[in-house]
Amino acid sequence: MSSIKHTLTIPVLGAILTGAIITTPASAQETVEAVKQRGYVSCGASQGTPGFGAPDQNGYWRGLDVDTCRAIAVAIFGDKDKARFVPLTGQQRLTALQTGEVDVLPRTTTWTLQRDANGVNFTVPNYYEYPGVMLRKDLGVTSAKEMKGATVCVQTGSTTEVTVADMSKTHALDLKPVVFDTVSSTRQAFFSGRCDALITDASALASVRATQAKNPDEYVIIPANDKMEALTPAVRHGDDRWFDIVKWSIQALIMAEQLGITQANIDARLESEDPIVRRFLGVEAGNGKALGLDERFAYNIVKQLGNYAEIFDRNVGKDSPLKLERGPNRLYRDGGLMFPLVFN
Ligand SMILES: N[C@@H](CCC(=O)N[C@@H](CS)C(=O)NCC(=O)O)C(=O)O
């Protein structure tokens, strides 16, 4: 009896002392149940950055962030198509997550302290990237330090608002941000000459240049600074089970690459004697049960979507129009930052 009293009173007292509001309604603990009842995962999505998230000509959503969300749908339903995509502006995205409009936000969103502290939990980075600046080549600018007095098209609700202010201050550039609400208005303004520069994640700029510039060769992309950011799918505070499911669904993609398991060889690997592979694929039970998922959740994810390398290559890498280098998005053993955690 006394131990029950102890566990009940301490957190409440702690909350009173720190002034914290207990913001964990019962419903927030049940995202996975709500998702199952609804029949699909609701994914916060881009307003259209091919390679990361955009519908194709048939309206089918594709991209690295899209596949990340499809992996979660596979973990829960065994079906990559049990995911729907809600296009959100930079400003809307975190509110949409917090209010429950979307279950997860894989949308080129940088893991920052203030976002993290303000109602969301970041899961596993699915892309590492520097902020970049795109300019017309004929301006002859080769470094951010040469951008004195430039006007910069920026999207509101993006880390790049802070980046522009920091660049301006650090290098005494007197930059003039011109702020827009939506992705399309920001990009249109840049291409119509309203600004000298467009700022966002360098890989998103590569996508914009390749898919939206009339003459891609007329533009150059340079780093905005030397501070890499971790673009990381987020969930809302208050539901640890959902947080775990999302984390380990993304981890499954990275671990599959580490283990050399691909969409093509996965069925043969079911026969593997390697205990790590057997646990990962659910041949030996335990991981699925621990997460409340099918024992084959990781098998299903890789079978339907491929491993992280396959997803990268298909959407933004060598098999895509963007042809981006793996760079920091290689596995740690190849010199990158992608780090698989232990599956047992
Ligand atoms: N990673 C940065 C910037 C990412 C970002 O949201 N960029 C804007 C401006 S291009 C955007 O909306 N991009 C994705 C899209 O909707 O297609 C952040 O988290 O704020």
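Structure shown above.
Participant: Whenever I open this one, the packing of helix H2 (residues 31–38) against helix H9 (residues 240–258) confuses me. Can you help?
Facilitator: Packed helix pairs are characterised by how far apart their axes lie and by the angle those axes make with each other. Close contact between H2 and H9 brings their axes to 7 Å; oriented N to C, the two are set at 70°. In terms of orientation, H2 and H9 fall into the roughly perpendicular class. On H9, the residues that touch Thr-31, Val-32, Glu-33, Val-35 and Lys-36 of H2 are Arg-241, Trp-242 and Ile-245. By residue class, the composition of the contact of H2 with H9 is 4 nonpolar, 1 polar and 3 charged.

Participant: Please clarify how helix H8 (residues 202–212) should be interpreted in this entry.
Facilitator: Given 3.6 residues to a turn, an α-helix orients residues that are three or four positions apart in the same direction. Taken together, the buried positions of H8 are occupied by Ala-202, Ser-203, Ala-204, Leu-205, Ala-206, Ser-207 and Val-208. At its buried positions, H8 is contacted by strand E6 (127–129), strand E7 (131–136), helix H7 (183–191), strand E10 (197–201) and strand E11 (219–223).

Participant: What should I look at first to understand the environment of Leu-293 in this one?
Facilitator: With respect to the helices and strands, Leu-293 occurs in the loop between helix H12 (287–291) and helix H13 (297–305). In this structure, the C-alpha to C-alpha distance between Leu-293 and Gly-78, residues 215 residues apart in sequence, is 9.8 Å. Excluding residues that lie within four positions of it along the chain, Leu-293 makes contacts with Ala-75, Ile-76, Ile-245 and Gly-288.

Participant: Would you mind going over the site of the ligand with me for this structure?
Facilitator: What surrounds the ligand is a group of 18 residues, the closest being Ser-46, Thr-49, Arg-107, Thr-110 and Gln-155. In this structure, an oxygen atom belonging to the ligand sits 3.0 Å away from a main-chain N or O atom of Gln-47. Thr-159 has a polar backbone atom sitting 2.7 Å from an oxygen atom of the ligand. Those elements that place two or more of their residues in the shell around the ligand are H7 and E10. Classifying every residue of the shell around the ligand gives 2 nonpolar, 11 polar and 5 charged. When we break the shell around the ligand down by domain, the ones giving at least three residues each are domain 1 (27–128 + 231–238) and domain 2 (131–227).

Participant: Could you clarify how one ought to interpret the packing of H9 against helix H14 (residues 308–315) in this entry?
Facilitator: Interhelical geometry of H9 versus H14 gives an angle of 100° and a closest axis separation of 7 Å. Accordingly, the angle class assigned to the pair H9 and H14 is roughly perpendicular. When H9 is examined against H14, the residues Leu-253, Ile-254 and Glu-257 are found in contact with a partner set consisting of Tyr-308, Ala-309 and Ile-311. Residue composition of the contact of H9 with H14, by class: 5 nonpolar, no polar and 1 charged.

Participant: What's the story with unusual backbone geometry in this structure? I'm lost.
Facilitator: Glycine aside, the phi torsion of most residues is negative, and most peptide linkages are trans. Phi at Thr-108 takes a positive value of approximately 40°, unusual for a residue other than glycine. On the secondary structure map, Thr-108 appears in the loop between helix H4 (92–98) and helix H5 (113–117). Of note in the backbone geometry, Asp-174 takes a positive phi value of approximately 55° without being a glycine.

Participant: Could you clarify how one ought to interpret the sheet that holds strand E9 (residues 176–180) in this entry?
Facilitator: By definition, the strands of a sheet pair up through backbone hydrogen bonds, in either a parallel or an antiparallel sense. Strand order in the open sheet made by the 5 strands is E9-E8-E10-E7-E11, with mixed pairing throughout. Both edges of this open sheet fall to E9 and E11, since each of them pairs with a single strand only. For this sheet, the mean angle separating the axes of adjacent strands, direction not counted, is 30°. Summarising the sheet, E7 and E11 pair through 5 bridges and their orientation is antiparallel. Paired with Leu-135 across the strands is Val-220, a residue of E11. Packed on one face of the sheet, H8 meets E7, E10 and E11 and runs near 125° to E10.

Participant: Help me understand the packing of aromatic side chains in this model?
Facilitator: The geometry of an aromatic ring pair is captured by two quantities: the separation of the ring centres and the angle between the planes. Taken as a whole and assessed by the stated rule, the structure comprises 11 aromatic pairs. Judged by centre distance (5.9 Å) and plane angle (5°), the rings of Tyr-127 and Phe-312 are stacked. Of the two residues, Tyr-127 is situated in strand E6 and Phe-312 in helix H14; the sequence distance between them amounts to 185 residues. Neither residue differs from the other here; Tyr-127 and Phe-312 are each classed as buried. One aromatic cluster is present, built from ring pairs that chain together Phe-52, Tyr-127, Tyr-308 and Phe-312. Here the basic side chain of Arg-38 rests over the ring of Tyr-40, its NZ or CZ set 5.4 Å away from the ring centre. When the ring centre of Phe-243 is taken as origin, the NZ or CZ atom of Lys-247, which lies over that ring, is 4.1 Å away.

Reading the values: the criteria
Residues numbered from 1 in each chain as written. Predicted model: local features only at pLDDT ≥ 70, side-chain atom pairs only at ≥ 80, totals over all residues. Heavy atoms only, no water. Axes fitted to C-alpha atoms, helices over the stretch in contact; angles between N-to-C directions. Helix = DSSP H or I, 4+ residues; strand = E, 2+ residues; numbered from the N terminus. Parallel < 35°, antiparallel > 145°, perpendicular 65-115°, else oblique. Contact = heavy atoms within 4.5 Å. Nonpolar A, V, L, I, M, F, W, Y, C, P; charged D, E, K, R; others polar. Buried < 20%, exposed > 50% of the residue type's maximum accessible area, 1.4 Å probe, protein only. Near = heavy atom within 4 Å. Polar contact = N/O pair within 3.5 Å; in protein donor to acceptor, adjacent residues only side chain to side chain. Domains from an automatic or database assignment. Pairing = 2+ DSSP bridges. Phe/Tyr/Trp six-rings, centres within 6.5 Å; stacked < 30°, edge-to-face > 60°. Lys NZ or Arg CZ within 6 Å of the ring centre and 35° of its normal.

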